[in-house]
Amino acid sequence: MSAPPPAGGGTGDGRYGEDLFEPERPGEAARIDAAALVYDPVTTRRLRALGAGPGSRCLEVGAGTGTVARWLLEEAGADEVVALDRDTSRLETAANPRLRVVTGDLTDDSLRLGGFDLIHARFVLMHLPQRRGLITRLVRWLAPGGRLLLGDALEVPNTLDTASAYRRTMDALWQALRSTIGTDTSSVPAYPHFLREEGLQHVAAELFVPPLVAGGPLARFWTETWSRMRPALEETGLVDAAVIDEALAYLASPRLAELGPGMVMAWGQRP
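Quick caveat, the model's predicted, so the values are computed rather than measured.

(A) The overall build of the protein, seen in detail. The secondary structure content of the protein amounts to eight helices and seven strands. Against the globule reference of 18 Å for 271 residues, the protein gives a C-alpha radius of gyration of 18 Å, in line with a compact fold. The dimensions of the protein, computed from C-alpha atoms along their principal axes, are 55 × 40 × 35 Å. In the protein, which comprises 271 residues, the proportion classed as buried is 53%. Considering only intrachain contacts with a sequence separation of at least 6, the fraction spanning at least 24 residues in the protein is 76%. Within the protein, one finds 28 positive and 35 negative side-chain charges whose respective centroids are separated by 6 Å.

(B) Quick look at the packing of aromatic side chains. In this structure the tally under the stated criterion is seven aromatic pairs. Grouping aromatic residues by their ring pairs yields a cluster made of Y39, F123 and F208. Taking NZ or CZ as reference, R46 lies 4.0 Å from the ring centre of W267, over its face.

(C) Spotlight on the sheet that holds strand 4 (residues 116-122). Taken together, the seven strands give an open sheet; going across it, the order is 3-2-1-4-5-7-6, and neighbouring strands pair in mixed fashion. At either margin of the open sheet sits one strand with a lone partner, and together these are strand 3 (99-103) and strand 6 (201-208). Strand-to-strand, the axes of this sheet are offset by a mean angle of 15 degrees, without reference to chain direction. Sheet analysis places strand 5 (residues 142-154) next to strand 7 (residues 262-269), joined by eight bridges and oriented antiparallel. By the bridge assignment for strand 7, G151 is matched with M265. In the packing of helix 3 (residues 131-140) onto the sheet, contacts are made with strand 1 (57-61), strand 4 and strand 5, and the angle to strand 5 comes to roughly 150 degrees.

(D) Molecular detail of the packing of helix 1 (residues 28-49) against helix 6 (residues 217-228). Packing of helix 1 against helix 6 brings their axes to within 8 Å, and their N-to-C directions diverge by 145 degrees. At the point where helix 1 passes helix 6, the crossing takes the left-handed sense. Facing helix 1, whose interface residues are E28, R31, A34, A35, L37, V38 and Y39, helix 6 presents P217, L218, R220, F221, E224, T225 and R228. Looking at the contact of helix 1 with helix 6, its residues break down into eight nonpolar, one polar and five charged.

(E) How the structure looks around the pattern of salt bridges. The full count for this structure, using the stated rule, is 15 salt bridges. A salt bridge links R132 to E197, with the shortest nitrogen-to-oxygen separation between them at 2.9 Å. One end of the pair, R132, is in helix 3; the other, E197, is in helix 5 (residues 191-197), and 65 residues separate them in sequence. A relative accessible area of 26% means that R132 is categorised as partly exposed. Residues R167 and E155 are paired through a salt bridge, measuring 3.0 Å at the closest nitrogen-oxygen approach. Pair noted here: R167 is in helix 4 (residues 165-181) and E155 is in the loop between strand 5 and helix 4, with a separation of twelve residues, a long-range link. Each member of the pair, R167 as well as E155, carries the same accessibility label: buried.

(F) Highlighting the nonpolar core. The biggest cluster of nonpolar side chains holds 56 residues, and the ones touching the most others in it are L173, W222, W226 and L233. With nine residues, the single largest contributor to this core is helix 4. Grouped together as the second largest cluster of nonpolar side chains are 31 residues, L111, V188, F194 and V264 included.

(G) Examining helix 1 more closely. Its 22 residues give helix 1 an end-to-end C-alpha distance of 31 Å, which sits within 8% of 32 Å, the value for a rise of 1.5 Å per residue. Where helix 1 bends most, the angle comes to about 50 degrees, and this point is Y39, followed within four residues by the proline P41. Taken together, the buried positions of helix 1 are occupied by E28, R31, A34, A35, A36, V38, Y39, D40, V42, T43, T44 and L47. Those residues of helix 1 that are buried are in contact with helix 2 (67-74), strand 4, strand 5, strand 6, helix 6 and strand 7. Following helix 1 by one or two positions, G51 adopts a phi angle in the positive range, close to 105 degrees.

(H) View of unusual backbone geometry. Despite not being glycine, F123 shows a phi value in the positive range, around 55 degrees. Structurally, F123 is set in the loop between strand 4 and helix 3. Looking at F123, the relative accessible area reads 16%, which means it is buried. Here the phi dihedral of H202 falls at roughly 55 degrees; this positive angle occurs in a residue that is not glycine. Among the secondary structure elements, H202 is positioned in strand 6. Its relative accessible area of 57% is what places H202 among the exposed residues.

The rules behind these values
Residues numbered from 1 in each chain as written. Predicted model: local features only at pLDDT ≥ 70, side-chain atom pairs only at ≥ 80, totals over all residues. Heavy atoms only, no water. Helix = DSSP H or I, 4+ residues; strand = E, 2+ residues; numbered from the N terminus. Rg over C-alpha atoms; globule rule 2.2 N^0.38 Å. Buried < 20%, exposed > 50% of the residue type's maximum accessible area, 1.4 Å probe, protein only. Contact = heavy atoms within 4.5 Å. Lys, Arg positive; Asp, Glu negative; His and termini not counted. Charge placed at Lys NZ, Arg CZ, Asp CG, Glu CD. Phe/Tyr/Trp six-rings, centres within 6.5 Å; stacked < 30°, edge-to-face > 60°. Lys NZ or Arg CZ within 6 Å of the ring centre and 35° of its normal. Pairing = 2+ DSSP bridges. Axes fitted to C-alpha atoms, helices over the stretch in contact; angles between N-to-C directions. Left-handed = near helix turned anticlockwise from the far one by under 90°. Nonpolar A, V, L, I, M, F, W, Y, C, P; charged D, E, K, R; others polar. Salt bridge = Lys/Arg side-chain N within 4 Å of Asp/Glu carboxyl O. Core = buried A, V, L, I, M, F, W, Y, C linked by side-chain atoms within 4.5 Å. Expected span 1.5 Å × (residues − 1). Bend = angle between axes of the 7 residues up to and from the residue.

That is the geometry; function is a separate question.
See below:
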């Protein structure tokens, strides 16, 4: 997930979970879990490679429904997992003596956390205008030798297609996110540089672009996302109801053939 050109900074002063994607809205947890089915396998594989396991103290930023936090506890066997989110109601079922649930905002200067061997934040910073400074904060929360893994969206648009219902709806989505809650992914490709600027070592990054298949979890995620954002999509002026309907039908069609948005993962280690 990432904004298409023009990739200017976010201008919206709204907030994720308040002005869009309210956690109490029916079906919101299922929408998030559909994305987790797609991204968790590659995320957890990278977390394992970065040392998630017995003896580690981990921070999961924007824990959502807790799928990665549970993996860190149950599969990786981490000693402790701190799950941070502004809304932690969906983490109640993840009760575990090694899980510490913190209801808080990453942007809150009074938040006192630290001493982590591993910190992970996926699809969080892209929605926050203070993202560069927040990377500095996360680095400060690392213990010596600790590792930081950031995951955010990156669009890989087909530049030969500017007029299809799919392209117009996806472009409208990124514009609506920018204008409503300030989402901006233009700096995502620079994450490795930011981590190096923070003094991290062994910095690297990769791009994962999952298959977008009709009937698959990623198609379900985008179907739910577009459906929930209909008014905001139309307010951009890039699409109308008929275009959105056509795009939704295409997501469910065997004709679907798109290189959908991907996820950049960047990581580094504190000396």
